[in-house]
Every structure is written in C-alpha cells, then in structure tokens.
Amino acid sequence: MDLIQKWNAILNKRQDVLNLNDTLVNKGITLEEINTIEQLSGEKLPDSFKTFYTYSNGQPDKSPLLFFNEKFMASDDIINTLEFAKKLQKPEIRTIVNPEKSDYYLKKIIEFYVINALVKNQESQSSWYKMVFSCGVGFFSHPSLYRSKDTEPREKEFINIADYSPLISIINEFHQLEYECYNWDKLNFTIFSDGRFEVNRTDNDYNEMSFTSLPANAIKKKYFNHKWIPIFSDSGGNFIGIDLDPDVNGKKGQIIIFGRDEEDMCVIANDLESFFAFILDEFNYNNGESLVKYHLHDSIREIIRNKQ
C-alpha cells in the first residue's frame, strides 16, 4: 500500500468510533502554505508530507478527532505552532542595540517594584539592604527583602504585590525591544537601598530538564523546535510530527513525539509512511488495543520499549 492507502486503512479500521462521512472535508494544502511552512522551518518538506497534505489539509475544527483522540492538524495550525517555536529561538550573538531605551524600561520595572513593594508597604522608611525579584513575559515573582548585608537567604522576607497588571505592558514592550538582539526569557533583578541595581537577562535552562531520547541522542533535548513539523496534536501542546533537525544519532525526516509535556521523547519511525505502517501493524497484532491503552503518546512509548 502507498501512503494514502495506509492512511485510509487506518481510518477504516476506526470506523467503529468515527463517523467518516463528512470528516475529511479540508481541501488539499496550497503551494503558498507549503512555502510558508518551509520558510518558517528553513527546511524543504519531505515529499511524503506534501503527498499527505495534498490529499487532505488536516481536519475541520469541529469534526471528530481522527487519530486516536488526536487532531489531524491543518496547515494553519502547523504554521501557528512553528511561529511559536520560532519565537523561542535565541540569537547567536547577544547584544543590547539601544542601551538608553533598554535602561528606560529597566528603571520603569524597578520603579514599579519599589513603589508597590516598599513605598505602599511603608518599607522604604525601614532599614533594608537589597531587594531581589524576577519577571518576564507573563511571569512575575514576589520580591524578597534582605534587611542587611549579612541577611542569609533563609532569613529573607517575601513581600506580596497584589496587582501586577500595570507591569504587563512594560515587560511586553521591553521584550519586543530586545527580541531580535537578545530574546531573553527572564529578568533577574537585585536592587540596593543606595540606588544601585543589577539585572541579568536569562533563558529558561532546558539543559537542566531531565529530557530523554529513545534511541539515545536521536532527538534534540527541547520542548519545541521550529524544524519539527507537527501533524497530530493532543490539543494540550503535545504533538507527533516530522523531525527535520535530528540529533547526532537521529535521521532527518524521522517521526517523533514532542511538546510541552514531552520530556521523554522517542522516535516512532523513520518516515511518515513507516509510521502509518507501524500503526497498521498494531491493528494486525491486537486490533489496535495497545494504541488506546493510555494517552496515545504513552501507549506508543510502551510499544516501542517492549520491542527493544
């Protein structure tokens, strides 16, 4: 069977839980949409992807989930996911291109914390040495206060700020200003009672996450990569898709599991056609019961481990 025949065979085997009469109504993908995906990923799409999406560009939003309670993603969903992944990229060289403008936003952030943590709480008249806090796009930590230079971290005092909403636009504008040249994830501040301050621009350190790859070093240890092309989604930020940027032991075009909750990633198959063959093999083995034992991604991981 070719790729499309395998896909239809999978759907036919799921007729007991799907109404297939009106499900695949999306027209095939356009050349413009293919070009957009290739531009975002910086990679040529495999012929198997083009064949599959020329046959059907995903499924309508309100139709039954086609693939074991996962959505067959349309091109606009793929593009949105790749745009999000692209935003997570960091510049190779970090620079501050507009120091005066950046300094303006840094001082606005400090002003917010001083007013809301110290002045409104009448702490500005009290003795204190330094205040430490962090913030980022959609993230704000309560500040911690050190009364003296000798205050130990276990002795620091947390100050509650009830409303961070006035800071949202400041952080967003500041991040946008430095996005192209720095694209930090978090700002770590230390401000001192004498007016000095220190700030460190930091990234979410995914190297500290307990990522695993099966096989070892086949998939790069990330949550998202703009060179991973999602095809099926569990609607919770996790995907099955094509890896166009494998790790040293991987193969370009391999089908992988990845996403927000996927620190235990695995290679399912070498390509899309082999992936569909894998699914059909499970039907031939036990009528697909192994695929619906758990969440699809966990079921697949268990099947692959059992075959090792």
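Keep in mind that what you see is a predicted model, and the values were worked out from it rather than measured.

1. Let's talk about the overall build of the chain
Reasoning step 1: Counting secondary structure elements, the chain contains 8 helices and 12 strands.
Reasoning step 2: Computed over its C-alpha atoms, the radius of gyration of the chain comes to 25 Å, more than 25% above the 19 Å expected for a compact globule of 308 residues.
Reasoning step 3: Expressed as a percentage of its 308 residues, the buried residues of the chain come to 46%.
Reasoning step 4: Accessible surface, the chain: about 16200 Å² in total, of which carbon and sulfur atoms supply 46%.
Reasoning step 5: With 35 positive and 47 negative side-chain charges, the chain shows a spacing of 2 Å between the two charge centroids.

2. Examining the environment of L11
Reasoning step 1: With respect to the helices and strands, the residue L11 is situated in helix α1 (residues 3-13).
Reasoning step 2: Judged by its relative accessible area of 4%, L11 is buried.
Reasoning step 3: It is 9.9 Å that separates the C-alpha atoms of L11 and F68, two residues lying 57 residues apart in sequence.

3. Quick look at the sheet that holds strand β10 (residues 238-243)
Hydrogen bonding along the main chain pairs the strands of a sheet, whether they run parallel or antiparallel.
Reasoning step 1: Strand order in the open sheet formed by 6 strands is β1-β9-β10-β11-β12-β8, with mixed pairing between adjacent strands. Looking at strand neighbours, the two that pair on one side only are β1 (71-72) and β8 (212-214), the edges of this open sheet.
Reasoning step 2: Bridge count between β10 and strand β11 (residues 254-259): 6 bridges; the pairing is antiparallel. Each residue of the ladder has a partner; that of G241, found in β11, is I256.
Reasoning step 3: Across the sheet, helix α8 (residues 296-306) touches β8, β10, β11 and β12 (264-269), and the angle it forms with β12 is around 70°.

4. Focus: helix α4 (residues 75-87)
Reasoning step 1: Between its terminal C-alpha atoms α4 stretches 18 Å, which fits the 18 Å expected from 13 residues at 1.5 Å a residue.
Reasoning step 2: Considered for burial, the residues of α4 that qualify are S75, D77, I78, I79, T81, L82 and A85.
Reasoning step 3: If you follow the buried residues of α4, they end up packed against α2 (31-41), α3 (47-55), β1, β9 (228-233) and β10.

Rules used in this analysis
- Residue numbers here run from 1 along each chain, matching the order of that chain's written sequence.
- Per-residue local features are limited, in this predicted model, to residues with pLDDT of at least 70; the limit for side-chain atom pairs, both in listing and counting, is 80 or more; totals at the level of whole chains, interfaces and linings are taken over all residues.
- To obtain the side-chain values, all non-hydrogen atoms of the structure were included, while hydrogens and water were left out.
- The helix and strand labels rest on DSSP assignments: H or I over at least four residues marks a helix, E over at least two residues marks a strand, and numbering proceeds from the N terminus.
- Based on C-alpha atoms, the radius of gyration is set beside the globule rule, defined as 2.2 Å times the residue count to the power 0.38.
- Summary of the burial criterion: residues with accessible area below 20% of their type's maximum are buried, those above 50% are exposed, and those between are partly exposed, where the area comes from a 1.4 Å probe applied to protein chains only.
- Accessible areas in this description were obtained via Shrake-Rupley with a 1.4 Å probe; residue shielding takes into account the shown protein chains only.
- Under the counting rule used here, the positive set is Lys and Arg, the negative set is Asp and Glu, and His together with the chain ends is not counted.
- Note on charges: their place is set at NZ of Lys, CZ of Arg, CG of Asp or CD of Glu.
- Note: two strands are recorded as paired if DSSP finds a minimum of 2 bridges between them.
- Any pair of residues with heavy atoms lying within 4.5 Å of one another is described as a contacting pair.
- Axis definition: a line fitted to C-alpha atoms, over the contacting stretch in the case of helices. Angles run 0 to 180 degrees between N-to-C directions.
- Expected span, for any helix, means 1.5 Å times one less than how many residues it has.

Don't take any of this as a statement about function, it's just geometry.
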